[in-house]
Each structure stands twice: as C-alpha cells, then as structure tokens.
Amino acid sequence: RNLRATRAHGNYIENAPIFSLLLLVVDAMNVIPKTLVNGLGGLFFFGRIFHMMGMWAYEGSTVGRMVGALATLVSLGIGSGMTIYSAVQVLGGWSSSVQVKFGVIALIVLLGNCFAGINVEKKKE
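What counts as what
Residues numbered from 1 in each chain as written. Predicted model: local features only at pLDDT ≥ 70, side-chain atom pairs only at ≥ 80, totals over all residues. Heavy atoms only, no water. Helix = DSSP H or I, 4+ residues; strand = E, 2+ residues; numbered from the N terminus. Buried < 20%, exposed > 50% of the residue type's maximum accessible area, 1.4 Å probe, protein only. Contact = heavy atoms within 4.5 Å. Areas by Shrake-Rupley, 256 points an atom, 1.4 Å probe, with all protein chains shown as cover. Axes fitted to C-alpha atoms, helices over the stretch in contact; angles between N-to-C directions. Parallel < 35°, antiparallel > 145°, perpendicular 65-115°, else oblique. Left-handed = near helix turned anticlockwise from the far one by under 90°. Nonpolar A, V, L, I, M, F, W, Y, C, P; charged D, E, K, R; others polar. Polar contact = N/O pair within 3.5 Å; in protein donor to acceptor, adjacent residues only side chain to side chain. Salt bridge = Lys/Arg side-chain N within 4 Å of Asp/Glu carboxyl O. Phe/Tyr/Trp six-rings, centres within 6.5 Å; stacked < 30°, edge-to-face > 60°.

Caption draft 1: Summary view of the overall build of the chain. Helix and strand counts for the chain come out as four helices and zero strands. Taken from the N to the C terminus, the helices and strands of the chain come in the order α-α-α-α. For the chain, the residues scored as buried account for 27% of the 125 residues in total. Contacts spanning at least 24 positions in sequence make up 63% of the contacts within the chain whose residues lie at least 6 apart. Of the accessible surface of the chain, which amounts to about 8900 Å², a share of 69% is contributed by carbon and sulfur atoms.

Structural data, given as structure tokens:
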C-alpha cells in the first residue's frame, strides 16, 4: 500500500507543475474568460482526486484511476490549446512571423524533451 501511495504522489508531482503553469499563463494573458479557466482547474483537481482514489483502492486498473487519468489528459490538452490560442491573440493574430516564432518554440521544446530522455551514465569511481 505504501508503494501505491508513493506512486500516486509521484504521478501528481509529474502533472501538477506543468498544469499550474498552463493556468497561470492563460490567466495572465486575460483572453479566455475566467469561468472557463476556473472550470479547467476544477476538472484537473477532480481528475487528480479520482486518480488518487483509484490508485489507493486496488492494484492495477480501476475505474477511478481511468477516469482520473482521462480527466488529467483532457485538462492538459485543453489547457495547452487555451495557451496557444491566448498567445496568438496577444501577439495579434496568426501571421507568418507568429508561425515562425511558434515553430522555433516547438523545436526548442522538442529538442529539450529529446535531451531530457537521454540517460547519462555516471562514471564509476
């Protein structure tokens, strides 16, 4: 049971910071209505509660865990879309210069994810 509690906490730590950053950025740009931003935060919160309850209930797949994971993924996807939409609106529409900027940002994020996934072996002393 302790291993499941540790994994539930670790899973929360993997998702909460990026989602909090998404909400912060969307809210700061003030393009999306606050009601939708708050609703998205509520969806994420309840998704994490369901996931935690599902992780603690039984070993393996449970309904709570699946509902929680789906709510988390949906809220992250919608939050990403809101962030992109807000950024485009703030930058003045989808012009070619905005497309280039987003392309460069996407390339940097992609390269960062690639390098983050590389395992670096420590030298044995």
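Having put the structure on the table, let's press on.
Caption draft 2: Region of interest: the packing of helix 2 (residues 34–57) against helix 3 (residues 63–90). Following both chains from N to C, one finds helix 2 and helix 3 inclined at 155 degrees, their axes separated by 7 Å at the closest point. One way to sum up the angle between helix 2 and helix 3 is to call them roughly antiparallel. Considering how the two elements wind past one another, helix 2 and helix 3 form a crossing that is left-handed. Only G64, R65, V67, G68, A69, A71, T72, V74, S75, I78, G79 and M82 of helix 3 make contact with helix 2, whose side of the interface consists of L36, L40, L43, F44, G47, R48, F50, H51, G54 and M55. Its residues assigned to classes, the contact of helix 2 with helix 3 shows 12 nonpolar, eight polar and two charged.

Caption draft 3: Fine view of the side chain of S86. As for its position among the elements, S86 is in helix 3. At 2.8 Å, the side chain of S86 and the backbone oxygen of M82 are in polar contact. Discounting chain neighbours no more than four positions away, the residues touching S86 are V26, M29, V31 and I32.

Caption draft 4: Examining the pattern of salt bridges more closely. Enumeration according to the criterion identifies one salt bridge in this entry. Measuring nitrogen to oxygen at the nearest pair gives 2.5 Å for the salt bridge that ties K34 to D27. With a relative accessible area of 36%, K34 lands in the partly exposed category. On the basis of relative accessible area, D27 is assigned to the partly exposed category, the value being 35%.

Caption draft 5: Layout of the packing of aromatic side chains. Evaluated as defined, the whole model comprises two aromatic pairs. Summarising the aromatic geometry, the rings of F19 and F44 are spaced 4.1 Å apart at their centres and angled 10 degrees between planes, so their arrangement reads as stacked. Within this pair, whereas F19 is found in helix 1 (residues 2–29), its partner F44 is found in helix 2, the two being separated by 25 residues in sequence. Residue classification places F19 among the buried positions, given a relative accessible area of 3%. Under the relative-accessibility criterion, F44 is labelled buried at 6%. A ring pair is formed by F45 and F46, whose centres lie 5.3 Å apart and whose planes are at 75 degrees; its orientation type is edge-to-face. Look at F45 and you get partly exposed, because its relative accessible area is 47%.

These figures come from the coordinates and say nothing about function on their own.
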